[in-house]
Amino acid sequence: MAEVILMPRLSDTMTEGVIAAWHKHVGDNVKKGDLLAEIETDKATMELESYQDGILLHIGTPDGGKLQVNDLLAILGKPGEDISELIKQHSGGAAAPAPQPAPAAPVAAEPAPVAPATASSGLDISAMEEVVLMPRLSDTMTEGVIAGWQKNIGDTVKKGEVLADIETDKATMELESYKDGILLYQGAKAGEKILVNDLLCIIGKEGLDVAAIVAAVKSCGTQPAPATAAPAPAAQSAPAPAASPAPVTEAVVNEGRIFASPLARKMAAEKGLDLRYVKGSGDNGRITKTDVENYVPAAATATPAAKPATTAAAPAVTGQVSFTDVPVSQMRKVIAKRLSESLFTAPHFYLTMSINMDAAIAARAKMNEVAKVKISFNDMVVKATAMALKQNPKVNSSWMGDFIRYNDHINIGVAVAVEDGLLVPVVRFADGKSLSQIGAEVKEFAQKAKDKKLQPADWEGSTFTISNLGMFGIDQFTAIINPPDSCILAIGGIAEEPVVKNGQIVPGNVMKVTLSCDHRVVDGATGAAFLQTLKQLLEEPVRMLV
């Protein structure tokens, strides 16, 4: 039967969580202990492990999405299992807590300790950042067992470091610190139980009155007297003995936080292995049971001087985080909206072809000897494109939802870069214009664009678009279709490359073009036929004069 996983309460003040990243996707096989997702709470980003085997049938929200505590996070089950009723039952968030009567009592009891503690001791425990309560790490958790402390009393703790491994009713999970400080108090020893919302530990500065905080919590009747309360102040002088147990000669492969499954940690502890030297084979370098089993320590004969040399070699690098927030211009908003709609709505596919431009280079040089307006390679591409569209009318089309519009007129949009973004003025009826007319019109549009004098009538009504980055040294690229066109042609630069002519390898000038097509309108064969025609026209420019 399918198993519902609700958004757990991963910190004592958490009301909602953000999915930082899913490590499993719908349809993936999930095993107990596998990392399902990373969840960002109000205090830290924490890992959520699966507590059962199955297939991931449903996720409640994609990466970056938010879910309230007890909202539907995921469903695990068997392939093909009907989960529609479960989704309906847990949709909307409000209905999510209903099927979970067990955890209701400890969650509802959370505010209870606050009032008595404030009244009897003058300390508002809920407002103290130093106090860490036992979080609700699974949707049915009522208490947790301390599987092991990763930090001891007196140790310095940094935000994001693992404090302890907590065993819930479903899995053993890592609890990260969400603040910097010194671990001054532990609410229970390894192997002992703590109820949800009871005092787990205290992290603060030296000199904090730990006894008063513990007394305030105990006076509420919610925290059993722990054996570690008395030694807390004395143990603050204990950091010194926490040195490396033995000289290490092998290279450190895990710096900072170490990602490892609970089973791998347990096996490493039993074998006396330091996980800093074990290379992980799981997601994001996560250390698994197999990694620990296969780990072979480096030989003791390694040179002792190697370790100090590596640690002393890296000087501390300091810097200042800085950035500038610039409001989005209206032009950029329109570009973002239109191109996002195009990319995520139109199924793009891409066709790339190499064109030998030797003849085009020679023809352009001769034409510019007599032309009143200097003709560019871009002008020749515009003219060749217009003529190729005339011979391949299916490419000169638009997707209109209920029908496809095949345009008899040919209006070529030419992308022009401006300071605020991109404009696409339109050369209308380009198939009937000469190269000189196209060149003069494109230059006029470019100047208008830079002077911000283009009018809506100048950029509306294209049936096909050309984007040319060859002049910027780009060899090849793909472009996003400019709606309502069904295609856009991306033009790269002309580069000298070896080509084969008459069985001989000779230098040649090659230009690569990529056609982006909307597969709802244009099929691969149709797009390929258009590129073949374009290639013939540019490799034999005299065809454009006929």
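Everything here concerns the structure above.
Note that the structure is a prediction, hence the values are computed from the model and not measured.

### Details of the overall build of the protein chain
And then number 1: Scanning the protein chain from terminus to terminus reveals 13 helices and 26 strands.
And then number 2: Buried positions account for 45% of the 546 residues belonging to the protein chain.
And then number 3: Within the protein chain, contacts between residues separated by at least 24 positions form 64% of all contacts whose residues are at least 6 apart in sequence.
And then number 4: Carbon and sulfur atoms form 56% of the exposed surface of the protein chain, whose accessible area is close to 27900 Å².

### Thoughts on the sheet that holds strand β1 (residues 3-6)
And then number 1: Overall, antiparallel pairing links the four strands, which are arranged β1-β8-β6-β3 in an open sheet. Strand pairing shows two members of the sheet lacking a second neighbour, β1 and β3 (29-30), which therefore form its edges.
And then number 2: Strand direction decides the pairing type here: strand β6 (residues 54-59) and strand β8 (residues 72-77), joined by four bridges, are antiparallel. Note that in β8 the partner of His-58 across the bridge is Ile-75.

### Quick word on unusual backbone geometry
And then number 1: Cis geometry marks the peptide bond from Pro-483 to Pro-484; its omega dihedral reads 10°.
And then number 2: Relative to the helices and strands, Pro-484 resides in the loop between β24 (464-468) and β25 (487-501).
And then number 3: One non-glycine residue, Asn-197, adopts positive backbone phi at about 80°.
And then number 4: With respect to the helices, strands and loops of the structure, Asn-197 is situated in the loop between β15 (193-195) and β16 (199-204).
And then number 5: One non-glycine residue, Phe-429, lies in positive phi territory at about 50°.

### Considering the sheet that holds strand β11 (residues 156-157)
And then number 1: On the basis of which strands lie adjacent, the open sheet formed by four strands has the order β9-β16-β14-β11 and antiparallel pairing. The outermost strands of the open sheet, each flanked by one partner alone, are β9 (131-133) and β11.
And then number 2: The pairing of strand β14 (residues 181-186) with β16 spans four bridges and is antiparallel. Bridging from a neighbouring strand, Gln-186 pairs with Cys-201 of β16.

### Observations concerning helix α10 (residues 377-391)
And then number 1: In this model α10 runs 21 Å from its N-terminal to its C-terminal C-alpha over 15 residues, within 8% of the 21 Å that 1.5 Å per residue would give.
And then number 2: Buried within α10 we find Asn-378, Asp-379, Met-380, Val-381, Val-382, Lys-383, Ala-384, Thr-385, Ala-386, Met-387, Ala-388 and Leu-389.

### A closer look at the nonpolar core
And then number 1: Core analysis: the largest hydrophobic core is formed by 41 residues, its most contacted members being Ile-412, Phe-464 and Leu-489.
And then number 2: The residues touching Leu-489, leaving out its near neighbours within four places in the chain, are Val-381, Thr-385, Phe-464, Thr-465, Ile-466, Ser-467, Val-513, Thr-514, Leu-515, Leu-531 and Leu-534.
And then number 3: Listed in part, the 39 residues of the second largest apolar core include Met-14, Ile-19, Ile-39 and Leu-200.

### Describing the pattern of salt bridges
And then number 1: Inspection of the entire model under this criterion finds 19 salt bridges.
And then number 2: Close ionic contact of Lys-289 with Glu-293 constitutes a salt bridge, the shortest N to O distance being 4.0 Å. Placement of the pair is Lys-289 and Glu-293 together in helix α6 (residues 289-294), with a separation of four residues, close to one helical turn.
And then number 3: Looking at Lys-289, the relative accessible area reads 39%, which means it is partly exposed.
And then number 4: Residue Glu-293 is classed as partly exposed on the basis of its relative accessible area of 39%.
And then number 5: Residues Glu-444 and Lys-448 are paired through a salt bridge, measuring 4.0 Å at the closest nitrogen-oxygen approach. Of this pair, Glu-444 and Lys-448 are both found in helix α11 (residues 435-450), four residues apart, which corresponds to roughly one turn of the helix.
And then number 6: In this structure, a network of salt bridges that share partners links the residues Glu-47, Glu-49 and Arg-286.

### What about the environment of Lys-151?
And then number 1: With respect to the element layout, Lys-151 can be found in the loop between β10 (143-149) and β11.
And then number 2: Residue classification places Lys-151 among the buried residues on the basis of a relative accessible area of 16%.
And then number 3: In sequence terms Lys-151 and Leu-183 are 32 residues apart; their C-alpha atoms lie 7.4 Å from each other.
And then number 4: Sequence-distant contacts of Lys-151, that is, excluding residues within four places in its chain, are made with Thr-156, Val-157, Glu-161, Val-162, Leu-163, Leu-183 and Gln-186.
And then number 5: Within polar-contact distance, the side chain of Lys-151 engages the side chain of Glu-161 at 3.0 Å.

### Some details on the side chain of Glu-49
And then number 1: With respect to the helices and strands, Glu-49 occurs in strand β5 (residues 45-49).
And then number 2: What makes Glu-49 buried here is its relative accessible area of 5%.
And then number 3: A distance of 2.6 Å separates a polar atom in the side chain of Glu-49 from a polar atom in the side chain of Arg-286.
And then number 4: Beyond its immediate stretch of four places on either side in the chain, Glu-49 contacts Gly-33, Asp-34, Leu-35, Leu-36, Thr-172, Met-173, Ser-261, Pro-262 and Arg-286.

### Notes on the environment of Ser-436
And then number 1: Note that Ser-436 resides in helix α11.
And then number 2: What makes Ser-436 partly exposed here is its relative accessible area of 28%.
And then number 3: When the C-alpha positions of Ser-436 and Ala-371 are compared, they lie 6.8 Å apart, and in sequence the two are 65 residues distant.
And then number 4: Setting aside its immediate chain neighbours within four residues, Ser-436 contacts Ala-371, Val-373 and Ile-375.

### Considering the packing of α10 against helix α13 (residues 524-539)
And then number 1: For the pair α10 and α13, interaxial distance at closest approach is 9 Å and the crossing angle is 135°. Considered as vectors, α10 and α13 are oriented oblique to each other. Every pair of crossing elements has a handedness; the one defined by α10 and α13 is right-handed. Note on element contacts: α13 touches α10 through Phe-530, Thr-533, Leu-534, Leu-537 and Leu-538, opposite Met-380, Val-381, Ala-384, Thr-385, Met-387, Ala-388, Leu-389 and Gln-391.
And then number 2: For the contact of α10 with α13, the class distribution of residues is 10 nonpolar, three polar and no charged.

### Quick look at the packing of aromatic side chains
To describe a pair of aromatic rings, you give the distance between the ring centres and the angle between the ring planes.
And then number 1: Inspection of the entire model under this criterion finds one aromatic pair.
And then number 2: Across the ring face of Phe-377, the terminal group of Arg-364 is positioned such that the distance to the ring centre comes to 4.6 Å.

### What to know about a nonpolar patch on the surface
And then number 1: Taken together, the side chains of Leu-343, Phe-344, Tyr-350 and Ile-480 make up a nonpolar region of the molecular surface, amounting to roughly 400 Å² of accessible area.
And then number 2: Its place among the elements puts Phe-344 in helix α8 (residues 330-345).

### A few points about the state of the cysteines
And then number 1: Under the definition given, this model contains zero disulfides.
And then number 2: For Cys-517, which is in no disulfide, the shortest distance to another cysteine sulfur is to Cys-487 and amounts to 3.9 Å.
And then number 3: According to the relative accessible area criterion, Cys-517 is buried, its value standing at 0%.

Reading the values: rules and limits
- Residues numbered from 1 in each chain as written.
- Predicted model: local features only at pLDDT ≥ 70, side-chain atom pairs only at ≥ 80, totals over all residues.
- Heavy atoms only, no water.
- Helix = DSSP H or I, 4+ residues; strand = E, 2+ residues; numbered from the N terminus.
- Buried < 20%, exposed > 50% of the residue type's maximum accessible area, 1.4 Å probe, protein only.
- Contact = heavy atoms within 4.5 Å.
- Areas by Shrake-Rupley, 256 points an atom, 1.4 Å probe, with all protein chains shown as cover.
- Pairing = 2+ DSSP bridges.
- Expected span 1.5 Å × (residues − 1).
- Core = buried A, V, L, I, M, F, W, Y, C linked by side-chain atoms within 4.5 Å.
- Salt bridge = Lys/Arg side-chain N within 4 Å of Asp/Glu carboxyl O.
- Polar contact = N/O pair within 3.5 Å; in protein donor to acceptor, adjacent residues only side chain to side chain.
- Axes fitted to C-alpha atoms, helices over the stretch in contact; angles between N-to-C directions.
- Parallel < 35°, antiparallel > 145°, perpendicular 65-115°, else oblique.
- Left-handed = near helix turned anticlockwise from the far one by under 90°.
- Nonpolar A, V, L, I, M, F, W, Y, C, P; charged D, E, K, R; others polar.
- Phe/Tyr/Trp six-rings, centres within 6.5 Å; stacked < 30°, edge-to-face > 60°.
- Lys NZ or Arg CZ within 6 Å of the ring centre and 35° of its normal.
- Patch = residues over 30% accessible without salt bridge, like charges linked within 9 Å, V, L, I, M, F, W, Y side chains within 5 Å.
- Disulfide = S-S within 2.5 Å.

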